Amino acid sequence: MKVFAFANQKGGVAKTTTTYNIATIKAMEGKRVLMIDLDPQASLTILCGMSPGGTEFNSCNLFDGKTDPVDCAYLVKSTGLENLYIVPSDIDLAETEQNISGKMAREKILKKALKSYEEYFDYIFIDCPPQLGILTTNGLVASNGVIVPTKAEYLSYRGIRALKRTVQNVIDSDLNSNLIFYGFIITMFEKNVNDQKDLLEQFQKIGEVLGVVKKSSSTYKSVLEGTPVVLSDKKSDVSKAYIEISLKI
């Protein structure tokens, strides 16, 4: 079972959209895939056509030490795929983050919970919240690799240094010495904008760029409809970019 954290402390970089599309691609390949919505804003949950708080169990329960994690996984019916699941989020996850801050081995709670999924899934994709708190740390500690969706813009570039320090701290502290920084996915890219081309080169200097996803109206439309663009518009440049990226994961 491979576990990937999709992380970026800056919002609005298509992190959730990227998680959903790559997870869908792997499911379309016949892999058994689980997405975990670790963001209290529950964007991934909503994209999957589910209401935050509308299920008996959610990602809060992964941290309570009482609930069987298997009970928290729900089929993503909106895709029509039989092997794509999600652990939905809930607004109470913000309170959960506060509650676990005082617990022993708080950074490893999610990792322990994910062991229950080993016989059921080939891939787990964790959609981390847009901040470098204890939930994101749990996501990094539980993962084999971290992938950073980001826009080619100055503020995003500056913020990446803080994220890379967090990743390195997780590795150096032995919380997860095997964690691999897989690289960046440049999203909403506009090749005619000189600043974006320049920043793309800067990203390439500090890590591998797994792929570049162009800015596209079809992506926004699919987001509004709750369907991954790799299903709604399979021949689009965006879909092709995500498919190429998925081959590296």
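For the structure itself, consult the block above.
Every value quoted in this text rests on a predicted model; they were computed, and no experiment measured them.

Definitions and cut-offs
- Residues numbered from 1 in each chain as written.
- Predicted model: local features only at pLDDT ≥ 70, side-chain atom pairs only at ≥ 80, totals over all residues.
- Heavy atoms only, no water.
- Helix = DSSP H or I, 4+ residues; strand = E, 2+ residues; numbered from the N terminus.
- Rg over C-alpha atoms; globule rule 2.2 N^0.38 Å.
- Buried < 20%, exposed > 50% of the residue type's maximum accessible area, 1.4 Å probe, protein only.
- Areas by Shrake-Rupley, 256 points an atom, 1.4 Å probe, with all protein chains shown as cover.
- Lys, Arg positive; Asp, Glu negative; His and termini not counted.
- Charge placed at Lys NZ, Arg CZ, Asp CG, Glu CD.
- Patch = residues over 30% accessible without salt bridge, like charges linked within 9 Å, V, L, I, M, F, W, Y side chains within 5 Å.
- Salt bridge = Lys/Arg side-chain N within 4 Å of Asp/Glu carboxyl O.
- Pairing = 2+ DSSP bridges.
- Contact = heavy atoms within 4.5 Å.
- Axes fitted to C-alpha atoms, helices over the stretch in contact; angles between N-to-C directions.
- Right-handed = clockwise from strand over helix to strand, strands pointing away.

Colleague: Quick question: what am I supposed to make of the overall build of the chain here?
Modeller: Check the secondary structure of the chain and you find 10 helices and eight strands. Taking 249 residues into account, the globule formula puts the C-alpha radius of gyration at 18 Å, and the chain, at 17 Å, falls close to it. The buried share of the chain, reckoned over its 249 residues, is 56%. By element, 47% of the accessible surface of the chain is carried by carbon and sulfur atoms, the whole surface being about 11,400 Å². Within the chain, the 29 negative side-chain charges are centred at a point lying 6 Å from the centre of the 29 positive side-chain charges.

Colleague: Looking at this structure, I do not really get a positive patch on the surface. What am I missing?
Modeller: Together, K108, K111, K112 and K115 make up a positively charged patch on the protein surface. Relative to the helices and strands, K115 resides in the loop between α4 (109-114) and β5 (123-127).

Colleague: What is the right way to read the sheet that holds strand β3 (residues 74-75) from this model?
Modeller: Spatial ordering of the open sheet is given by β3-β4-β2-β5-β1-β6-β7-β8, a layout of eight strands whose pairing is mixed. Because the sheet does not close on itself, it has two edges, and the strands there are β3 and β8 (209-214). By the bridge criterion, three bridges tie strand β1 (residues 2-6) to strand β6 (residues 145-151) in an arrangement that is parallel. Across the sheet, residue A5 finds its bridge partner in β6, namely V146. Packed onto the sheet, helix α7 (residues 194-206) meets β6, β7 (180-189) and β8 and runs at close to 175° relative to β7. Packed on one face of the sheet, helix α10 (residues 237-246) meets β7 and β8 and runs near 170° to β8.

Colleague: Quick question: what am I supposed to make of the environment of G207 here?
Modeller: Relative to the helices and strands, G207 resides in the loop between α7 and β8. The buried category is assigned to G207, whose relative accessible area is 19%. Measuring from C-alpha to C-alpha, the distance between G207 and A152 comes to 13 Å, with 55 residues separating the pair along the chain.

Colleague: Looking at this structure, how should I read the pairing of β6?
Modeller: Looking down a regular strand, the side chains alternate between one sheet face and the other. The element β6 is largely enclosed, with a buried count of six among its seven residues. The sheet contact formed by β6 and β7 spans seven bridges and is parallel. Looking at the pairing, I147 lines up with G183 of β7. Each parallel crossover has a hand, and for β6 linked through helix α6 (residues 154-172) to β7 it is right-handed.

Colleague: Please clarify how the side chain of T137 should be interpreted in this entry.
Modeller: Position of T137 among the secondary structure elements: in helix α5 (residues 134-141). On the basis of relative accessible area, T137 is assigned to the buried category, the value being 15%. For T137, the residues in contact, after removing those within four places along its chain, are E107 and V170.

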